[in-house]
Amino acid sequence: MTKSEELFERAKKTIPGGVNSPVRAFKSVGGTPVFMERAKGAYMYDADGKKYIDYINSWGPMILGHAYEPVVKAIQDKAAGSTSFGAPTELEIEMAELIVSMAPNVDMVRMVSSGTEACMSALRLARGYTGRNKFIKFEGCYHGHADAFLVKAGSGVATFNIQTIPGVTAGVSMDTLTAPYNDLAAVQQLVEEHKGEIAAIIIEPVAGNMGCIIPEAGFLQGLRTICDKEGIVFIFDEVMTGFRLAAGGAQDRLGVNADLVTYGKVIGGGMPVGAFGGKKEIMQHIAPLGNVYQAGTLSGNPIAMIAGYTMLKTLKDNPSIYKDLEEKTAYLHKGLDSVLSALNTPYVINRFGSMISVHFSDKPVNNFAAAAAANNTLFNKFFHVMLDNGIYLPPSAFETWFISNALSMKDIDETVDIAKESFNL
Ligand SMILES: *Cc1c(COP(=O)(O)O)cnc(C)c1O
């Protein structure tokens, strides 16, 4: 028995399913989740001391690799001055000013403690601002686990093929309208059918919770036009893409403007942080300035803020990081292409910036249905062989891989070599 197997048996007695977030459980790929002990740079080490090259990077935050020294040092220094005040601090202003300086269309920002909180608060704000109840989301997009978003959601909800979620009432779900990703006509039809009732359209501008799905040319611009015409708030969920695709996130990278933007993951440098922001015209409706209530005991927590601030400042001051990330991801893409093209199995590799995913599909994977129709049993096998050989990939075809800048070309070569061996099964 490995240490992870022992720990998993023990964990299951006091933690539901042995994990504190479902996608960690390996339920769909089978086997035992690996319990980690420490990590540095591109590598993680499990409870048995085995080393892994990490392609999850805490699901995004570790964009500069694990235990990035300036962040660790900043946290250590800050902790000595108390871990929480529950009162305003100058550091929160510095964080807000930094985000506003980096993110297009963000005049004001409110800090929260997770991406879930950011998205549910942004939706409430859009509803409060427009006085409308319904909103549109896309099949396979994940916006955290607030009730309203769990309709046709991606990530774990898709991985475990959960159709209806006990505990989410029909009354709540009724106001969630869904359309396939990249299907502008479907959105147009929903808007016609529910004229004047739709508060918001929320989207992952590059989707990462059904594998990596790229918006087709004109799709996001088309949504922008619909929102402008119908007075709908356009929300970019940049929890994954924010500060990852560019210092200004997907808005910057894709040249499309959002009305509200949500952040998480990278924004906290590994601490529990989220944020939502946007134009002052909308943000001024948030309490205590307006009546849309939103609050948090630990929001703007000093440890979380200094970790996030240090991370974002590094990204802002070193734009070459994005070029490096892109080169590394392209190199991985090329390597995987050379391995997979030699096989008799159809495959698709989707890549955008430092997000990449492999689908064993004979059709383009441009929405959830296509991702779900792929040979995900083969993906699961691939995952396990890679894991056995020290390559830590997301345990589901419905997740993007996250590249960190700590990864070296040599690490990528090693990964590609192992992929090659794994297919000689
Ligand atoms: C991870 C994620 C969330 C949820 O963030 P949490 O911090 O896990 O609550 C929301 N939206 C997107 C796009 C995500 O990738």
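Residues numbered from 1 in each chain as written. Predicted model: local features only at pLDDT ≥ 70, side-chain atom pairs only at ≥ 80, totals over all residues. Heavy atoms only, no water.

Notes on the packing of helix 3 (residues 90–102) against helix 11 (residues 302–317)
Cut-off, in case you're wondering: To define axes, lines are fitted to C-alpha atoms, for helices over the stretch in contact only, and angles between the resulting N-to-C directions are given on a 0 to 180 degree scale. By definition, any uninterrupted DSSP run of H or I lasting at least four residues is a helix, any uninterrupted run of E lasting at least two residues is a strand, and each is numbered from the N terminus. Our angle categories are set so that under 35 degrees counts as roughly parallel, over 145 as roughly antiparallel, 65 to 115 as roughly perpendicular, and the remainder as oblique. With the far helix as reference, a near helix turned anticlockwise by less than a right angle produces a left-handed crossing, and one turned clockwise produces a right-handed crossing. In this analysis, two residues are considered to be in contact whenever any of their non-hydrogen atoms come within 4.5 Å of each other. Polar here means any residue other than Ala, Val, Leu, Ile, Met, Phe, Trp, Tyr, Cys and Pro, which are nonpolar, and Asp, Glu, Lys and Arg, which are charged; Gly is therefore polar.
At their nearest, the axes of helix 3 and helix 11 sit 10 Å apart, and the two run at 30° to each other. Our classification of the angle between helix 3 and helix 11 gives roughly parallel. In the packing of helix 3 onto helix 11, the handedness of the crossing is left-handed. For the pair formed by helix 3 and helix 11, the contact residues are Leu91, Glu92, Glu94, Met95, Leu98, Ile99, Ser101 and Met102 on the first element and Pro302, Met305, Ile306, Gly308, Tyr309, Leu312, Lys313, Leu315 and Lys316 on the second. Each residue belonging to the contact of helix 3 with helix 11 can be placed in one class, and the counts come to 11 nonpolar, 2 polar and 4 charged.

A word on the site of the ligand
For the record, the criterion: When at least one non-hydrogen atom of a residue lies within 4 Å of a molecule or strand, that residue is treated as near it. Pairs of N or O atoms within 3.5 Å make up the polar contacts considered here, provided that, within protein, one atom can donate a hydrogen while the other can accept it, and that residues adjacent in sequence are counted only when both atoms are side-chain atoms. Accessibility throughout is a Shrake-Rupley quantity obtained with a 1.4 Å probe, and a residue counts as covered only by protein chains that appear here.
Surrounding the ligand, one finds Ser114, Gly115, Thr116, Tyr142, His143, Gly144, Glu204, Asn209, Asp237, Val239, Met240 and Lys265. A distance of 2.8 Å separates an oxygen atom of the ligand from a polar backbone atom of Gly115. In this structure, Tyr142 approaches the ligand through a main-chain N or O atom, which is 3.1 Å from a nitrogen atom. Summarising the interface, the protein chains cover 83% of the accessible area of the ligand, which totals 380 Å² for the free molecule. Its residues placed into classes, the shell around the ligand shows 3 nonpolar, 6 polar and 3 charged.

With respect to the state of the cysteines
The following threshold applies: The disulfide criterion used throughout: a pair of cysteine sulfur atoms within 2.5 Å.
Under the defined criterion, the tally for this structure stands at 0 disulfides. Here Cys119 is not cross-linked by a disulfide; its sulfur's nearest cysteine counterpart is in Cys141, at 10 Å.

Describing the domain arrangement of the chain
Inclusion rule: Here the limits of each domain have been adopted from an automatic or database domain assignment. By buried area we mean the combined loss of accessible area, with a 1.4 Å probe, across both parts when two parts are placed together. In the sections that follow, a salt bridge refers to a side-chain nitrogen of Lys or Arg positioned within 4 Å of a carboxyl oxygen of Asp or Glu.
On domain assignment, one finds that the chain holds domain 1 (1–37), domain 2 (69–317) and domain 3 (334–348 + 358–379). One C-alpha centre belongs to domain 1, the other to domain 2; they are set 29 Å apart. Summed over both partners, the interface of domain 1 with domain 2 buries about 320 Å², with 79% contributed by carbon and sulfur atoms. Seen at the junction of domain 1 and domain 2, the total is 0 salt bridges. Considered class by class, the residues forming the side of domain 1 that touches domain 2 number 2 nonpolar, 1 polar and 1 charged.

Side note on the pattern of salt bridges
Per the counting criterion, the structure on display carries 14 salt bridges. For Glu230, the salt bridge identified is with Lys195, shortest N-O distance 3.0 Å. Of this pair, Glu230 sits in helix 8 (residues 219–230) while Lys195 is found in the loop between helix 7 (184–193) and strand 7 (198–203), placing the two residues 35 residues apart along the sequence. Here the residues in one salt-bridge network are Arg224, Asp228, Asp259 and Lys279, joined through shared partners.

Re the side chain of Asp411
Take Asp411: it is sitting in helix 15 (residues 409–422). Discounting chain neighbours no more than four positions away, the residues touching Asp411 are Ala42, Tyr43, Ile53, Tyr55 and Ala406.

Some points on the side chain of Arg244
Looking at the secondary structure, you find Arg244 in the loop between strand 8 (233–237) and helix 9 (249–254). At 2.8 Å, the side chain of Arg244 forms a polar contact with the backbone oxygen of Gly60. Apart from residues no more than four positions distant in its own chain, Arg244 is found in contact with Gly60, Ile63, Tyr322, Ser354, Met355, Phe402 and Ile403.

Some words on the sheet that holds strand 11 (residues 348–352)
Convention followed: Any two strands between which DSSP finds at least two bridges are classified as paired.
Read across the sheet, 3 strands follow the order 11-12-14 without closing on themselves; strand pairing throughout is antiparallel. Since the sheet does not close on itself, it has two edges, and those belong to strand 11 and strand 14 (401–402), each with one partner. Relative to strand 12 (residues 355–359), strand 11 is paired through 5 bridges, and the arrangement is antiparallel. Bridging across to strand 12, Phe352 finds its partner in Met355. Sheet contacts for helix 12 (residues 320–340): strand 11, strand 12 and strand 14; angle to strand 11, the most-contacted strand, approximately 175°.

Looking at the packing of aromatic side chains
Going by this rule: For Phe, Tyr and Trp, where Trp contributes only its six-membered ring, two rings pair if their centres lie within 6.5 Å, and the inter-plane angle classes them as stacked under 30 degrees, edge-to-face over 60, or tilted in between. Accessible area is worked out with a 1.4 Å probe on protein chains only. A residue is then buried under 20% of its type maximum, exposed over 50%, and partly exposed in between. We call a charge positioned over a ring when the NZ of a Lys or the CZ of an Arg lies within 6 Å of the ring centre and within 35 degrees of the ring normal.
For the structure on display, the rule yields 15 aromatic pairs. Note on Phe138 and Phe219: the rings are 5.6 Å apart at their centroids and 80° apart in plane angle, and the pair reads as edge-to-face. Of this pair, Phe138 sits in strand 5 (residues 134–138) while Phe219 is found in helix 8, placing the two residues 81 residues apart along the sequence. Grouping residues by exposure puts Phe138 and Phe219 together as buried. Ring centres 6.0 Å apart and planes at 65° place the aromatic pair Phe360 and Phe423 in the edge-to-face group. Of the two residues, Phe360 is situated in the loop between strand 12 and helix 13 (368–373) and Phe423 in the segment after helix 15; the sequence distance between them amounts to 63 residues. Each of the two residues, Phe360 as well as Phe423, counts as buried. A connected cluster of aromatic rings, assembled from ring pairs, spans Phe360, Phe379, Phe382 and Phe423. The ring of Tyr45 carries the charged tip of Arg38 above its face, separated from the ring centre by 4.2 Å.

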